[in-house]
Each structure stands twice: as structure tokens, then as C-alpha cells.
Amino acid sequence: MELKTTNTPIVDSTINNNEIDVQQQETSEHVNTDITETPTANEPIAGLTTTEIKDHNQIQITISDTTTPIVVLFGPGKCGKTMTQIRLARFLQENGYSINPIRDFRPAYDDNYQNMCNQYSTFVNNEDAASSTDMLSFMLLEVLDSRGNRICQILEAPGEHYHSIQNPDGMFPAYINQLIASRSRKIWAITLEPNWIPKANCQQYNLAQYVAKVKTLKTKINSKDKVVFLYNKIDATNLMIDQTHVNKKMMLKEIADHFTGIFEPFKNTNPITSLWRPYNCDLLPFSTGTFNTYKVGTETKTKYSVGSSVFPAALWATIIKYIRG
């Protein structure tokens, strides 16, 4: 679908070539000044052994179902992948789907993973869901329709395994290469975030390094794999026109300015289809909701309130589009 106005409905995900190349419009300013937390090398990760944390190549996974597509949430640590998964899970549950951990994803001896599986529903539906993100950082999930048919799988893996500022040029761990090489159809949901734009006192993420990692990913994945970029925390910018519309021209301009060249590997070189689809990827704004801190005695907690359903609805519609081909 080709964009006709700058007041674009959230559900329109197609990247329009002319809009990426806009040069005259001013870049938007960000109303959210929160600093994205910098990931630390070798942090404890729920579900991984000490050996696996020290050496990511020791991580063992099993993809037992290679016929059902896998949605891979891709991005560095602390970029919001887990909350994206939680928001999508809640949306799907509200619409008659079931979300369950796939227990044979990790070795049977991994008691931590089995415990996470047992508590998954509690983590996802807790109003303090934000505090559960560390517990859900490495899981494979299934999405079932009302008849029990498996629609897709969703992989949530630690962000530092995809991209780390401590090791920006490092190769992907063995298990990610195993995933890439598997015959499973894959949908790569690549996270971008406004807060990564460098400020005078904020240089956590080298944007060029992340763009390079995305380009590396493109060279490795199957040509039939699908890619959707998620511009997360869109509600923390001035790009929102109202609850259901985003100024997509400005969003594209902002991304193109700061994540320079990130769409280049996805350029559609077909002389016919490129007329209406210049890039072989999609772009969606996303927001998980709001987070309010409060005190319980001396303990600080975070209450999570889901945001508008238009964001997970648009993501799910795009996933279904990819699944159906």
C-alpha cells in the first residue's frame, strides 16, 4: 500500500521510497529524555548456566517444529524486545489466542527454563510486568488459535547476543547461526528506538555499528525470510498525531537521518514490483504502554499499563501477512 499523506494510520507498514528520501522537512525533536540503559557484558541471564553466560557458543537450543514460522525479536539489550513480546501476548490473549512457552527449546536439565515456563502466564499478566523482563529474556513461545492450531513461534533472546557495544564487530553466537541456517521460515522484527539518537551526554549506542550489524544479518538470512522494523517507544516522540495516526514521513526521515543506510540492503531491485514496493521490508511504529513507579515500603515498583491496541494489532496483522505469503 502506498502512503498518500503524512498523517498515516499505524496499520500502514509499507516503506515508500520518496518518503525515505525527503530532505527538506526538519527532524523532529524528542519529548522523552530518558536515557536507555547500557547493557553490561556477561550479566546474569535467566535460563542460562554460568558456562553459557561466559561463552555464548555453549548455549544449546532445539527448534523441534521447523514448519511453523518463527518471529525473531532482534535488537540490543534493553531496547524493549521483552515488553514488545508481553504487549503482543496480552493483545493476542484478548483476541482468543493462547501463548505458551515451548518447553523443549532448552535442554531438559535446565530447571531455570522450566521454572520460567511454569511462571510465564504470571509474568506476562502481572501489573508489575516490567520487573519480569529479565525473567523472560530467553524463551521460545508458541501462538495457538482458538482451535489449538499453532500459528507461529516467537523467539525472545538476550539482546547482547545480537549486538553489544562491548563487542560490536563480534560474530553471532553459534545458536543464532543455527537458527539462521535452520529451514524454518523466519520473520525478523528488528527494533529501532528514538532514544538511541546520540545526545551530548548520551553515547550508549553507536548507531553506525548497529546499522552494520543489521546489514550483516541481511547477508546471512534466507532470501525468503521477512523483515519488519519496529520503531519502538513512538509515544515518547512528537511523531504521534493522535492515538491511531503517526506522521510517518517524519518518522522515516528521522530513521534515515540517524540510522543511515539501514534500509539499503532491503532495496527492491525488481524493476516491476519496485514501482509499488521499493523496499523488501516493512516499518511499524510501536508502543508497549506506560510505566509508573510507586513505593511499597522501601521497595520501588513499576506499574505497567498497556497502551493502545493499534500497535500490537498492526504488528500481528503484518506477521499474519508474512505467514500467508
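Note that the structure is a prediction, hence the values are computed from the model and not measured.

A look at the overall build of the chain
Of regular secondary structure, the chain possesses 8 helices and 12 strands. Here the chain holds 325 residues, and 53% of them are scored as buried. Expressed as a percentage of contacts within the chain between residues at least 6 apart in sequence, the contacts between residues at least 24 apart total 74%. Roughly 15000 Å² of accessible area belongs to the chain as shown, and the carbon and sulfur atoms make up 47% of that amount.

Observations regarding the confidence of the model for the chain
Residues shown with low pLDDT carry predicted positions that ought not to be read at fine detail. Averaged over all residues, the pLDDT of the chain equals 82, while 80% of them reach at least 70. Segment residues 1-9: pLDDT under 50, and 25 contacts once partners within four positions in sequence are set aside and those in other chains are kept. Across residues 17-42, where pLDDT falls below 50, the model places 60 contacts with residues more than four positions away in sequence or in other chains.

Overview of a nonpolar patch on the surface
A cluster of nonpolar residues, Ile272, Leu275 and Trp276, forms a patch on the protein surface that exposes about 380 Å² of accessible area. Mapped onto the secondary structure, isoleucine 272 falls in the loop between helix H7 (248-258) and strand S10 (282-285).

So, the packing of aromatic side chains
Overall, the coordinates contain 13 aromatic pairs when judged by the stated rule. Between the aromatic rings of phenylalanine 286 and phenylalanine 311, the centroid separation amounts to 6.4 Å while the plane-to-plane angle is 65 degrees, which identifies the pairing as edge-to-face. Of this pair, phenylalanine 286 sits in the loop between S10 and strand S11 (289-296) while phenylalanine 311 sits in helix H8 (residues 310-324), and the two are 25 residues apart along the sequence. Take phenylalanine 286: its relative accessible area is 1%, and that puts it in the buried class.

Side note on the nonpolar core
Note that soluble globular proteins tend to have their nonpolar side chains buried in a common cluster. Trp188, Phe229, Phe263 and Trp316 are the most contacted members of the largest nonpolar core, which totals 88 residues. Looking at this core element by element, the count peaks at 9 residues for H8. If sequence neighbours within four positions are ignored, tryptophan 188 has contacts with Val72, Phe74, Leu179, Ile180, Leu217, Ile221, Asp225, Lys226, Val227 and Val228.

Considerations on the packing of helix H3 (residues 81-94) against helix H4 (residues 111-125)
Their axes nearest at 9 Å, the elements H3 and H4 cross at an angle of 95 degrees. One element, H3, and the other, H4, form an angle in the roughly perpendicular class. Seen from H3, the contacting residues are Gln85, Ile86, Ala89, Arg90 and Gln93; seen from H4, they are Tyr120, Val124 and Asn125. Of the residues that constitute the contact of H3 with H4, the class distribution is 4 nonpolar, 3 polar and 1 charged.

A closer look at the packing of H3 against H8
To characterise two packed helices, one gives the angle between the axes of the helices and the distance between these axes. Interaxial distance between H3 and H8 falls to 9 Å at its minimum, and their mutual angle equals 85 degrees. The orientation of H3 with respect to H8, classified from their angle, is roughly perpendicular. Side by side, H3 and H8 meet where Thr84, Arg87, Leu88, Phe91 and Leu92 of the first sit next to Pro312, Ala313, Leu315, Trp316 and Ile319 of the second. Among the residues making up the contact of H3 with H8, the classes are represented as 8 nonpolar, 1 polar and 1 charged.

A closer look at H3
Helix length check: H3, at 14 residues, gives a terminal C-alpha distance of 20 Å against a target of 20 Å (1.5 Å per residue), a fit within 8%. With 12 of 14 residues buried, H3 is to be regarded as a mostly interior element. When we look at burial in H3, the residues that qualify are Lys81, Thr82, Met83, Thr84, Gln85, Ile86, Arg87, Leu88, Ala89, Arg90, Phe91 and Leu92. Following H3 by one or two positions, glycine 96 has its phi on the positive side, about 90 degrees.

Thresholds, definitions, all that
- Residues numbered from 1 in each chain as written.
- Predicted model: local features only at pLDDT ≥ 70, side-chain atom pairs only at ≥ 80, totals over all residues.
- Heavy atoms only, no water.
- Helix = DSSP H or I, 4+ residues; strand = E, 2+ residues; numbered from the N terminus.
- Buried < 20%, exposed > 50% of the residue type's maximum accessible area, 1.4 Å probe, protein only.
- Contact = heavy atoms within 4.5 Å.
- Areas by Shrake-Rupley, 256 points an atom, 1.4 Å probe, with all protein chains shown as cover.
- pLDDT = per-residue confidence, 0-100.
- Patch = residues over 30% accessible without salt bridge, like charges linked within 9 Å, V, L, I, M, F, W, Y side chains within 5 Å.
- Salt bridge = Lys/Arg side-chain N within 4 Å of Asp/Glu carboxyl O.
- Phe/Tyr/Trp six-rings, centres within 6.5 Å; stacked < 30°, edge-to-face > 60°.
- Core = buried A, V, L, I, M, F, W, Y, C linked by side-chain atoms within 4.5 Å.
- Axes fitted to C-alpha atoms, helices over the stretch in contact; angles between N-to-C directions.
- Parallel < 35°, antiparallel > 145°, perpendicular 65-115°, else oblique.
- Nonpolar A, V, L, I, M, F, W, Y, C, P; charged D, E, K, R; others polar.
- Expected span 1.5 Å × (residues − 1).

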